[in-house]
Amino acid sequence: MIDLSVQIGKLKLKNPVLLASGTVGYGNEIAELTDLSKLGGIVTKSLSLKPRIGNPPQRVCETSSGMLNAIGLANVGVEVFIKEKIPFLKKLNTTIICNIAASSVEEYVECTRILTREEAIAAFEINVSCPNVKDGGLEFGNNLQAVAQITNKVKAVTDKPVIIKLSPNVSRISEFAKAVKDNGGDAVSAINTLVGTAFDIWTKKPKIKNVTGGLSGPAIKPVALAKVLEISRNVEIPIIGIGGIMDWKDAAEFMIAGASAVQIGTVNFINPKAGEEIIDGLIEYCKKMSIGRIADLTASYEI
Ligand SMILES: Cc1cc2nc3c(=O)[nH]c(=O)nc-3n(C[C@H](O)[C@H](O)[C@H](O)COP(=O)(O)O)c2cc1C
């Protein structure tokens, strides 16, 4: 038997495969298509204090080896989430990580303070890196002091593990991971989407209304791997690897590069069973490689 469990700071997961924020709603959008209880966990769509309608359409488009999205953090807000989404999430036999986005430090703190009372939530993922909103978003993700302050203040209002989701749109991501560690953060997730754009050559107009959006999918995998490796080589903090993971081989590669767990996003739109398949593939891989504990794969690179 292979031990698939992994430890992300204080958070223990039954296996290292999580569904990424914004790609499965509050679990409800994928529940009928796959067995969520097999997964290590689900990360909810980013929640803000008040509901947000997000950006006007067109909000997504396909690009070479990936997709662009500028959803603009559309979400139901904390109150509706507690009333209408938590009862469903409670029934799922998997770990629930609640992702929070905000326009001010105070809003991050207030959301975390309110949601920390909810037993169904095992940990928080703080999104300081959304490229598609006017206020907050990348302004925080690009600012070392802001990331340090958010980590520090959010940690002060919760006993649950706090994971900070970092932006790749910076020159030294490891400096941000260090700021998270120095301020008591339990882990980092890397990466959120890269800023990108696309034009229709006949109308000469941007393909998405917001002009720029977040690039995800296989196109960003090598960038994401390099960011995970950079953090792994410079900062001792658990890393959740994200970016273009389509199958178990990609997941194994991220773990070798330094990730303790992985999240999958874009692939959910193509194959909702990808999470389950990745877990099965990782088990077979561990058997072939005589790996007894999948956690031993983390940062096993030889450079
Ligand atoms: C349609 C869409 C919506 C997303 N919404 C969020 C979000 O609300 N919060 C967040 O932290 N990340 C969000 N993301 C980013 C993903 O969680 C993930 O970091 C990114 O897509 C890279 O992973 P992938 O290449 O596997 O998709 C979104 C991504 C997509 C494609």
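On a predicted model such as this, the values are computed, not experimentally measured, just so you know. (Residues numbered from 1 in each chain as written. Predicted model: local features only at pLDDT ≥ 70, side-chain atom pairs only at ≥ 80, totals over all residues. Heavy atoms only, no water.)

Visitor: Whenever I open this one, the sheet that holds strand β5 (residues 60–63) confuses me. Can you help?
Guide: Sheets are built from strands paired through backbone hydrogen bonds, the pairs being either parallel or antiparallel. With antiparallel pairing, the four strands of this open sheet are ordered in space as β5-β6-β12-β11. The open sheet has two free edges, formed respectively by β5 and β11 (194–197), since each of these has just one partner strand. When strand polarity is set aside, the average angle formed by the axes of neighbouring strands in this sheet is 40°. With four bridges connecting them, β11 and strand β12 (residues 212–216) associate as antiparallel partners. The partner of Gly-196 across the bridge, within β12, is Gly-213. (Pairing = 2+ DSSP bridges. Helix = DSSP H or I, 4+ residues; strand = E, 2+ residues; numbered from the N terminus. Axes fitted to C-alpha atoms, helices over the stretch in contact; angles between N-to-C directions.)

Visitor: I'm lost on the sheet that holds strand β7 (residues 95–100) in this one. Help?
Guide: Spatial ordering of the closed barrel is given by β3-β4-β7-β8-β9-β10-β13-β14, a layout of eight strands whose pairing is parallel. Averaged over all pairs of adjacent strands, the angle between strand axes in this sheet comes to 25°, irrespective of strand direction. As defined by bridge partners, strand β8 (residues 123–127) adjoins strand β9 (residues 162–165) across four bridges and the pair is classed as parallel. Its bridge partner being in β9, Phe-124 is matched across the sheet by Val-162. Sheet strands in contact with helix α9 (residues 274–288) are β3 (17–19) and β14 (261–264), and its direction is about 170° off that of β3. (Contact = heavy atoms within 4.5 Å.)

Visitor: Could you clarify how one ought to interpret the packing of aromatic side chains in this entry?
Guide: Enumeration according to the criterion identifies three aromatic pairs in this entry. Plain terms: the ring middles of Tyr-26 and Phe-81 are 5.7 Å apart, the flat faces sit at 50° to each other, and that makes the pair tilted. Linking Tyr-26 in the loop between β3 and β4 (41–43) with Phe-81 in helix α1 (residues 77–91), this pair joins segments that are 55 residues apart in sequence. For the pair formed by Tyr-26 and Phe-81, the shared burial category is buried. A ring pair is formed by Trp-248 and Tyr-285, whose centres lie 5.7 Å apart and whose planes are at 40°; its orientation type is tilted. Of this pair, Trp-248 sits in helix α7 (residues 248–256) while Tyr-285 sits in helix α9, placing them 37 residues apart in sequence. (Phe/Tyr/Trp six-rings, centres within 6.5 Å; stacked < 30°, edge-to-face > 60°. Buried < 20%, exposed > 50% of the residue type's maximum accessible area, 1.4 Å probe, protein only.)

Without other data, these values stay purely geometric and don't point to any function.
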